Structures are given as structure tokens and as C-alpha cells.
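Residue-level structural notes
Residue strings, one per chain:
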Amino acid sequence: MATAAKDNNSQGPIVLEGQDPEKIKNQLIKKYPPKVARKRAKQIVVNKIEPDGTVPAIGSNVRTVPGLISQRGCCYAGCKGVVLGPTRDIINITHGPVGCGFYSWLTRRNQTDPDSTPDGHNFIPYCFTTDMQEEEIIFGGEKKLKLAIQEAYDNFHPKAIAVFSTCPVGLIGDDVHSVCREMKAKLGINVFGFSCEGYKGVSQSAGHHIANNGIFKHVIGTDDTVQDGEFKINMLGEYNIGGDAFEIERLLDLCGFTLISTFSGNSSIDKFANCHTADLNLIMCHRSINYVAEMMEKKYGVPWIKVNFIGAEATAKSLRKMAAYFEDHKLIDRVEAVIAAELPEVEKAASRIRPRTEGKRAMLFVGGSRAHHYQELFAELGMKTLSAGYEFAHRDDYEGRRVLPEIKVDADSRNIEELEVTADPDKFNPRKSPEALKSLEDKGLEFSGYEGMMPEMETGTLVIDDISHHETEKMIALFKPDIFCAGIKEKYVIQKLGVPLKQLHSYDYGGPYAGFKGAVNFYKEIDRMVNSRIWGYLKAPWQKSPELAARYGTD
Ligand code: CFM
């Protein structure tokens, strides 16, 4: 299989394609006013792996400078769209003007399988909103919200209704939580609200935290039914974009794991309620859901490990880690058998495609996980990551969780509630003794750990947090990468510069890219994109050699 990018660190500092990365950094910020340049300089870092494995500190999770064109989204998007949106049987009502509901309607490609819940509920295709008008902005929107909850209940009889606040709701002071409590008592179903106004926090990351808190307070641990099955796990931070969760579920099933709940790809509310009965939490996207894992460990005693199902090697490694945790020989053998059966097809595809992709260069600027995870797939194709960054991740996602104690809490983060969580007097049940955990750790299984993106990138690469449009254009002009990974807002601007853009949020209608079958899909897609001749035809013929010449009559 391919060598992972981190092996190259042993070669010592590698300068960005013969160019001094510090000079590149200066070029990116040169045009900014001095104050802005100083701020951006903290968020643009030349990667350097020290002998002890540490990396430089990077500025992140701070406000975007007004006027810079950012890739970021808002707090409401992180709460309603990202974390709760993929659950098919909760009715998610946007309390706000119609635009917020409309523009968050079916724009994220989280898939779901309604046939796997008995009642077949699937509300994802609907858009529910209170459609606030001037009248509500002036006189308050609580009455309209009550009516909306009632109407949604009467029409659909869901198991749960969640309410998401948009900016004006916070500004006028509607108390969505008391409305939800009242309607919960009236209707006899779970109704809960989120104060996830768009302006809270500096990005959608704040919305993740608010969503994690809400789901922990209102749903997790409310159903103690013990399910049949062995090796019970939850998958946290897998949102089934392009069918990724389906491929992961296929593998888990083949290996013999019992998936209690996924947060929140292909999920239903009943699974969330019951997830505290699992014996291990797996974190796929650390940024969006680490709070749930931490809180579940404290309250119920479920340990967590970091996994990654993006990349064939990473998938095999994650399955092995999971099997090691349960210390069951039959499970370990079955996992090995699944890996042995699945890998040949992946290796065949990689060896066929790799000669065409070897040495090509990628740049990845995506939310809070994928800019890291997808470097694995590019490495498997022999491609090099020149530069990468997150839109909204925190220092621990860049530098590893070891820096958590150093992270200063600023006013924006203080704005987000930190739940006080303690062991549940009845339901706390440590799944392994401290000695058993220690002995697994001694064998190389790391608990509650994530080493972050930068330690896995080469020394000398550029790590750019919350990249601006200006910096993006500069990077393209300076390096003309073979592929740029970002989202729909960036796609056509960058393609007009002659560089193919792979959407790593929505996958451009493709996917799945997780697991073994997903890796093969990705290899084929990247081969098609980086080797297309279309990019060479970008200059119109008349731009290269004009056939007509003219003179002004007055000359
Ligand atoms: Fe996690 Fe995500 Fe991501 Fe994210 Fe997102 Fe997404 Fe993303 Mo778009 S939860 S941090 S808030 S992996 S929607 S599925 S692709 S920015 S890198």
C-alpha cells in the first residue's frame, strides 16, 4: 500500500517546491493593511515537526476579519444543518425568516435509509420554518412558533420536534426553550430547542457544541433497553455524506460489530436515546462531536477512541483498533479476514491508477476534519499535499489534543454553554477497569486522543486556517496545484483559474469515499479530474493568438 505522508518527515525540512515557505506566507499577506496582516500571520503557519513530535501553534477559532471573503458558515448551520439535520425522524423547525430555512433545505448530501425504522418516518426532504415576518420581529414570535409546532405535530405525528433559533430570534429575545417545554407537556412527545443563533460564536463550530449539549441533555440516555448483539459501538461524527455511513455500516456488519447509534448519519432519535448502552464510542469527525464523547465518558463510563474510515489503510487500522479494544480472538480474526478480503480490490485499483497520479499536488481547505482525513487518500495515490487548512477547527484539530490545556478561552467561546457533567448515580458503568485500559494503552491503543492534522503533514508545508479568497487566489497563482479541494462557493471561481476543484463537502454528487469501496471510488474520481485535458484548453484561441488586428480610424 501507499506510504503515508508522515513518513516523509524523516527526510527533514522540505521546502515548498524549492520556494521558501516563509516568503510564500509573506506574499499571501503582503496586500493586507498591517493590522489584518498581523492577524492573518498567526493563522498561516509553516509546518515544522520537532523531534518530540510537537508542531508550531496556529491561530484558529477566532473571528474572521470583516471584509475578507471566508469559506465559513454560521452557528445555526453547524447546529441545525450539520449535527441534527441528518436524523430522519426528528422534525427540525427553523424559527426565523424563511431564508434561513430555505437555504439550509437539502443542501447537505446526508443520505438516510427510512426503511430501517419501523414507522418509515423521513422528514429530511421537508423544510419546516416559522417564516417570521416583520410583525413577529416587532411583537415577538413565540405565538407563531407554538402554532408551527402544533401544525407539524398534527400533520406528521413525529416522535420528536426540535426548534432552531436564527439571528433575529436571539435579538428580539423569544424564549424558545419555554415554548418547547410547554409544547412537550401538551403533546407528550420530546420537544426541545436550541439557542443556535447564527451570530453565536465565530463559525459553525459553535453550533456543533450547542447541538452536542442539547442532544446530550434532552435525548441521550433516555432509553435503557439493552439491544441484542456483541461488540456494541457508537459512531460519532459520521454524517453519511454521499453514502459514507452505508459503506462503513457494511464493514462493521461484516466484522461482527453491533452499531447502536451513529451521530448522526443514517440515524433515528430512538438510537440516540439508547446509545449509552454501547461499550465503545468511535470518533470520526473530532471537531463536530468530541463534546458528546467526553460527556458520555463522564456520565456513563463509555471510553472513546479516534478512528478514520477515509483511506484504505486508515480503514484497516481503525477496524484493528476496534477489535483490539474488545480483546476477543474471534473478533480479531474476523476483522483480519474482512480486511484480507477487501484490500485486494483496492490495491488493484491503486496500482492501476497510481502511475497516472503519482507526484501530482493537492491543496485541501475544508471544514474541520476532511482537510486532514483526505490527505490519506491522496497519499495512497502517490500525491502530495502542498497546503491544507480548516475553516473553523480549533488548535487541537491542528496540533493534537495535547494542546487542550493551553487553549485560552476567549469571549466568543465563553458564550457557548459548557455543561457540568458528573457520573450518573445509576447508569455510570466503567466499561473497563483503569488497569485494563492502561494495559491496552501499553499495547498501543490510545484512548481519548487525537494527534491532529499538522503532525501528519510534511515539514515545510503551509497550514492556513480560515483561508481567505485572496490567499486562495495567491496560492493558485504561485503553485497551480493539480487539484484543489473545497466547497461549492469556491468551485467555479477556482476552475476558471484552470484548476479542477473537488468538493469535499458534498462530494460533487459522488461518493461514498469512506471505507474500502469508497477509496476505489475516490481514486477513480481523482484520476479523472487531474488527468482531464480540459484544463489545458482554458485559454480561448483568440487570447493566445488573435487572428484579427484593428486600427483606430483616427490614428
Ligand atoms: Fe466534521 Fe463534517 Fe467536517 Fe463538519 Fe461541515 Fe461536512 Fe466539512 Mo462541510 S461535520 S467538520 S461542519 S467532517 S458539513 S460532514 S464537509 S464543513 S470537513
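Residues numbered from 1 in each chain as written. Predicted model: local features only at pLDDT ≥ 70, side-chain atom pairs only at ≥ 80, totals over all residues. Heavy atoms only, no water.

Here the focus is the overall build of the protein. The number of helices and strands found in the protein is 22 helices and 14 strands. Radius of gyration (C-alpha) of the protein: 24 Å, near the 24 Å computed for a compact globule of 555 residues. Expressed as lengths along the three principal axes of its C-alpha atoms, the size of the protein is roughly 85 × 70 × 45 Å. Within the span of the protein, comprising 555 residues, buried residues form 56% of the whole. Look at the contacts in the protein between residues 6 or more apart in sequence, and 77% of them connect residues 24 or more apart. Within the structure as shown, the protein displays about 24400 Å² of accessible surface, and the carbon and sulfur contribution to it stands at 54%. (Helix = DSSP H or I, 4+ residues; strand = E, 2+ residues; numbered from the N terminus. Rg over C-alpha atoms; globule rule 2.2 N^0.38 Å. Buried < 20%, exposed > 50% of the residue type's maximum accessible area, 1.4 Å probe, protein only. Contact = heavy atoms within 4.5 Å. Areas by Shrake-Rupley, 256 points an atom, 1.4 Å probe, with all protein chains shown as cover.)

Moving on, we come to the site of the ligand. For the ligand, the set of nearby residues contains 15 residues, the closest of which are Arg-108, His-208, Cys-285, Gly-368 and His-505. For the shell around the ligand, the per-class residue count stands at 7 nonpolar, 6 polar and 2 charged. (Near = heavy atom within 4 Å. Nonpolar A, V, L, I, M, F, W, Y, C, P; charged D, E, K, R; others polar.)

As a further point, take the packing of aromatic side chains. Summed over the entire model, instances satisfying the criterion amount to 21 aromatic pairs. Relative to Phe-522, the ring of Tyr-374 has its centre 5.3 Å away and its plane inclined at 55°; by these criteria the two rings are tilted. With Tyr-374 in helix α15 (residues 370-380) and Phe-522 in helix α21 (residues 515-530), this pair connects stretches of sequence that are 148 residues apart. Here Tyr-374 matches Phe-522 in class, with each residue buried. Measuring from ring centre to ring centre gives 5.4 Å for Phe-378 and Phe-522, while their planes differ by 70°; the resulting arrangement is edge-to-face. Taken as a pair, Phe-378 in helix α15 and Phe-522 in helix α21 lie far apart in primary sequence, 144 residues in all. (Phe/Tyr/Trp six-rings, centres within 6.5 Å; stacked < 30°, edge-to-face > 60°.)

What follows is about the sheet that holds strand β10 (residues 361-366). If you walk across this open sheet you meet the 6 strands as β1-β12-β11-β10-β13-β14, and the pairing is mixed. Both outer strands of the open sheet, β1 (44-46) and β14 (501-503), are each paired with one neighbouring strand and no more. Averaged over all pairs of adjacent strands, the angle between their axes in this sheet comes to 20°, without regard to strand direction. Direction of pairing for strand β13 (residues 483-486) relative to β14: parallel, over a ladder of 3 bridges. (Pairing = 2+ DSSP bridges. Axes fitted to C-alpha atoms, helices over the stretch in contact; angles between N-to-C directions.)

Let us look at the packing of helix α10 (residues 244-255) against α21. The angle between the axes and the distance between the axes are what describe a pair of packed helices. Between α10 and α21, whose axes approach to 7 Å, the crossing angle comes to 140°. Here α10 lies oblique to α21, going by the angle between them. Contacts between α10 and α21 involve Glu-247, Arg-250 and Leu-251 from the former and Gly-515, Phe-516, Lys-517 and Gly-518 from the latter. A breakdown of the residues in the contact of α10 with α21 according to their chemical character gives 2 nonpolar, 2 polar and 3 charged. (Parallel < 35°, antiparallel > 145°, perpendicular 65-115°, else oblique.)

To continue, consider the sheet that holds strand β4 (residues 160-165). Picture the strands of a sheet paired through backbone hydrogen bonds; they go either parallel or antiparallel. Pairing within the open sheet is parallel, and its 4 strands lie in the order β3-β2-β4-β5. Since the sheet does not close on itself, it has two edges, and those belong to β3 (128-129) and β5 (190-194), each with one partner. Here 2 bridges tie strand β2 (residues 90-95) to β3, and the two strands are oriented parallel to one another. Each residue of the ladder has a partner; that of Ile-93, found in β3, is Phe-128. Running over the sheet, helix α8 (residues 176-187) touches β2, β4 and β5 and is turned about 175° from β5.

With that settled, consider the confidence of the model for the protein. Note: predicted coordinates in regions of low pLDDT should not be interpreted at a detailed level. Within the protein, residue pLDDT values average 95, and 97% of them lie at 70 or more. Here residues 1-13 is modelled with pLDDT under 50, and outside its nearest four sequence neighbours on either side it reaches 26 contacts, counting other chains as well. (pLDDT = per-residue confidence, 0-100.)

Looking at where Lys-491 falls in the secondary structure, it is placed in helix α20 (residues 488-496). On the accessibility criterion, Lys-491 (7% relative accessible area) is buried. Within polar-contact distance, the side chain of Lys-491 engages the backbone oxygen of Leu-501 at 2.9 Å. Residue contacts for Lys-491: discarding those within four places in its chain leaves Leu-501, Gln-503 and Asp-508. (Polar contact = N/O pair within 3.5 Å; in protein donor to acceptor, adjacent residues only side chain to side chain.)

Phe-257, Leu-319, Met-322 and Tyr-523 are the most contacted members of the largest nonpolar core, which totals 111 residues. Element by element, the count of residues in this core is highest for helix α14 (residues 329-357), at 9 residues. (Core = buried A, V, L, I, M, F, W, Y, C linked by side-chain atoms within 4.5 Å.)

Moving on, we get to the pairing of strand β11 (residues 384-390). Of all 7 residues making up β11, 6 are buried, and the element is well covered by its neighbours. In this sheet, β11 lies alongside β10 in parallel orientation, the contact comprising 6 bridges. Residue pairing for β11: Ala-362 is matched across the bridge by Thr-385. In this view, the connection linking β10 to its parallel neighbour β11 by way of α15 has right-handed handedness. Direction of pairing for β11 relative to strand β12 (residues 462-464): parallel, over a ladder of 2 bridges. Residue pairing for β12: Ser-387 is matched across the bridge by Leu-462. (Right-handed = clockwise from strand over helix to strand, strands pointing away.)

Okay, α10 next. With 12 residues, α10 should reach 16 Å at 1.5 Å per residue; the first-to-last C-alpha distance of 17 Å fits that figure. Those residues of α10 lying buried are Asp-244, Ala-245, Glu-247, Ile-248, Leu-251, Leu-252 and Cys-255. Considered in projection along α10, the buried side chains sweep an arc of 160° and stay on one side of the axis. (Expected span 1.5 Å × (residues − 1). Arc of directions from axis to C-beta.)

This next bit is on a nonpolar patch on the surface. A surface patch of nonpolar side chains, about 660 Å² in accessible area, is lined by Ile-137, Ile-138, Phe-139, Leu-171, Ile-172 and Tyr-199. Of all the secondary structure elements, the ones that give two or more residues to the nonpolar patch are α5 (134-139) and α7 (167-172). The element that contributes the greatest number of residues to the nonpolar patch is α5, accounting for 3 residues. Position of Phe-139 among the secondary structure elements: in helix α5. (Patch = residues over 30% accessible without salt bridge, like charges linked within 9 Å, V, L, I, M, F, W, Y side chains within 5 Å. Salt bridge = Lys/Arg side-chain N within 4 Å of Asp/Glu carboxyl O.)

Here the focus is the pattern of salt bridges. Applying the stated criterion across every chain, the model contains 32 salt bridges. Residue Arg-361 is joined to Asp-482 by a salt bridge in which the shortest nitrogen-to-oxygen separation is 3.2 Å. Of the two residues, Arg-361 is situated in strand β10 and Asp-482 in the loop between α19 (469-479) and β13; the sequence distance between them amounts to 121 residues. Classification of Asp-482 as partly exposed rests on a relative accessible area of 22%. The closest approach of N and O atoms between Lys-438 and Asp-442, which form a salt bridge, is 3.1 Å. Linking Lys-438 with Asp-442, this pair stays in helix α18 (residues 434-442), spanning 4 residues, or about one helical turn. One network of salt bridges, with partners in common, ties together Lys-491, Lys-502, Asp-508, Glu-525 and Arg-528.

Among the secondary structure elements, Arg-88 is positioned in the loop between α3 (75-84) and β2. The side chain of Arg-88 sits in the buried core without any salt bridge; Asp-89 is the nearest counter-charge, 5.4 Å away. Engagement of the side chain of Arg-88 in a polar contact is seen with the backbone oxygen of Asp-113, the distance being 3.5 Å. Those residues in contact with Arg-88 that sit more than four places away from it in its chain are Thr-112, Asp-113, Pro-114, Ser-116, Thr-117, His-121, Asn-122, Phe-123, Ile-124, Asn-266, Ser-267 and Ser-268. (Lys, Arg positive; Asp, Glu negative; His and termini not counted.)

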